[in-house]
Amino acid sequence: CCAPSLAPAAPAKRVYAGVYLHDVTKFDQKDGVFDVDMEIWAKWLGDFQGDKLAIANAAEVERTLIAEEKDGDWHSMRWHVKGTLRGEFPVYRFPFDEQTLRVVLELPAREGELAPDLAGSGMHETFSVTGWLYEPVFVPRVSAETYASDLGSIDVEGQSTTMNRAAFEVKLHRPLLSAATTLFVP
């Protein structure tokens, strides 16, 4: 007679992740890496394991937990991160090229939705990347990446793994005087 009614789906967990960039100490276009000193954090409502938040483009980083907070059902964890991140730095438009430094955070989709915490994210206004100019503002990018692997999980063995990503991007550009000098002075 009647179709069974479906129970409403549980609301998706949302994890808010943020970045505060203290410094970029090295930018190496040739090797496709840059060194950072930053803090990252996660905020969430309900149950979640904060260490599930990863830095997707980490080459070699040291991550130290510096704070954990709780206010009712809200939780947060914050880490200090120092180390090397990978990037893609094309040079086909040299010396008029623009480059993008990205801090890419990721979370397995089964753990929840990942959203950039833009209200708290930012960067120190006085660090410099030698030979480059930038605006001290992050451009956020949200995406998903699916790996054709269970990444060793027993719970979802044999299935693909989808990772939710939040990237915090800083656009770099060369000063026009520097570009003109490179082209015309030799």
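Criteria and cut-off values
- Residues numbered from 1 in each chain as written.
- Predicted model: local features only at pLDDT ≥ 70, side-chain atom pairs only at ≥ 80, totals over all residues.
- Heavy atoms only, no water.
- Helix = DSSP H or I, 4+ residues; strand = E, 2+ residues; numbered from the N terminus.
- Buried < 20%, exposed > 50% of the residue type's maximum accessible area, 1.4 Å probe, protein only.
- Contact = heavy atoms within 4.5 Å.
- Areas by Shrake-Rupley, 256 points an atom, 1.4 Å probe, with all protein chains shown as cover.
- Phe/Tyr/Trp six-rings, centres within 6.5 Å; stacked < 30°, edge-to-face > 60°.
- Lys NZ or Arg CZ within 6 Å of the ring centre and 35° of its normal.
- Salt bridge = Lys/Arg side-chain N within 4 Å of Asp/Glu carboxyl O.
- Core = buried A, V, L, I, M, F, W, Y, C linked by side-chain atoms within 4.5 Å.
- Polar contact = N/O pair within 3.5 Å; in protein donor to acceptor, adjacent residues only side chain to side chain.

A short note on the overall build of the protein
Of the regular secondary structure elements, the protein holds 1 helix and 11 strands. If you list the helices and strands of the protein from N to C, you get β-β-β-β-β-β-β-β-β-β-β-α. Residue burial in the protein is summarised as follows: out of 186 residues, 40% are buried. Across the protein, contacts joining residues at least 24 apart in sequence account for 68% of those joining residues at least 6 apart. Counting only carbon and sulfur atoms, one obtains 52% of the accessible surface of the protein, whose full area is about 11300 Å².

Some remarks on the packing of aromatic side chains
Considering all chains together, one arrives at 4 aromatic pairs under this definition. Note on tyrosine 16 and tryptophan 74: the rings are 6.4 Å apart at their centroids and 35° apart in plane angle, and the pair reads as tilted. Remark: tryptophan 74 occurs in strand E5 (residues 74–86) and tyrosine 16 occurs in strand E1 (residues 14–28); sequence separation between them is 58 residues. Assessed through its relative accessible area of 27%, tyrosine 16 is described here as partly exposed. Ring geometry for tryptophan 44 versus phenylalanine 48: centroids 5.1 Å apart, planes at 70°, classification edge-to-face. Neither tryptophan 44 nor phenylalanine 48 differs from the other in exposure class; each is buried. A cation over a ring is seen here: arginine 63 above tryptophan 79, with NZ or CZ 4.1 Å from the ring centre.

A closer look at the pattern of salt bridges
If you walk through the whole model with that rule in mind, you get 9 salt bridges. A salt bridge links lysine 30 to aspartate 31, with the shortest nitrogen-to-oxygen separation between them at 3.5 Å. Look at aspartate 31 and you get partly exposed, because its relative accessible area is 47%. Salt bridges here are not isolated pairs; linked through shared partners, they connect Arg102, Arg141, Glu169 and Lys171.

Details of the nonpolar core
Membership of the largest hydrophobic core comes to 34 residues, with the highest contact counts inside it found for Val19, Leu21, Met38, Ile40, Leu105, Val170 and Leu172. Secondary structure elements with two or more residues in this core: E1, strand E2 (33–45), E5, strand E6 (98–108) and strand E11 (161–173). Sequence-distant contacts of isoleucine 40, that is, excluding residues within four places in its chain, are made with Gly18, Val19, Ile55, Arg63, Met77, Arg78, Trp79, Val81 and Leu105.

As for the side chain of arginine 174
Relative to the helices and strands, arginine 174 resides in the loop between E11 and helix H1 (176–184). Using a relative accessible area of 16% as the deciding quantity, one classes arginine 174 as buried. Within the structure, the side chain of arginine 174 is placed 3.2 Å from the side chain of glutamine 29, a separation counted as a polar contact.

Here's the deal with the environment of arginine 63
Locating arginine 63 in the fold gives a position in strand E4 (residues 58–71). Residue classification places arginine 63 among the partly exposed residues on the basis of a relative accessible area of 29%. Taking the C-alpha atoms as reference, arginine 63 lies 9.0 Å from glutamate 39; in sequence the two are 24 residues apart. When neighbours within four sequence positions are excluded, arginine 63 is seen to be in contact with Ile40, Gly50, Asp51, Leu53, Ala54, Ile55, Trp79, His80 and Val81.

Observations regarding the environment of glutamate 135
Looking at the element boundaries, glutamate 135 is found in the loop between strand E9 (133–134) and strand E10 (139–147). Residue glutamate 135 is classed as exposed on the basis of its relative accessible area of 56%. Sequence-wise, glutamate 135 and methionine 123 are 12 residues apart; in three dimensions their C-alpha atoms are separated by 9.9 Å. Apart from residues lying up to four places away in sequence, glutamate 135 is in contact with Met123, Val170 and Lys171.

What is shown is where atoms sit, not what they do.
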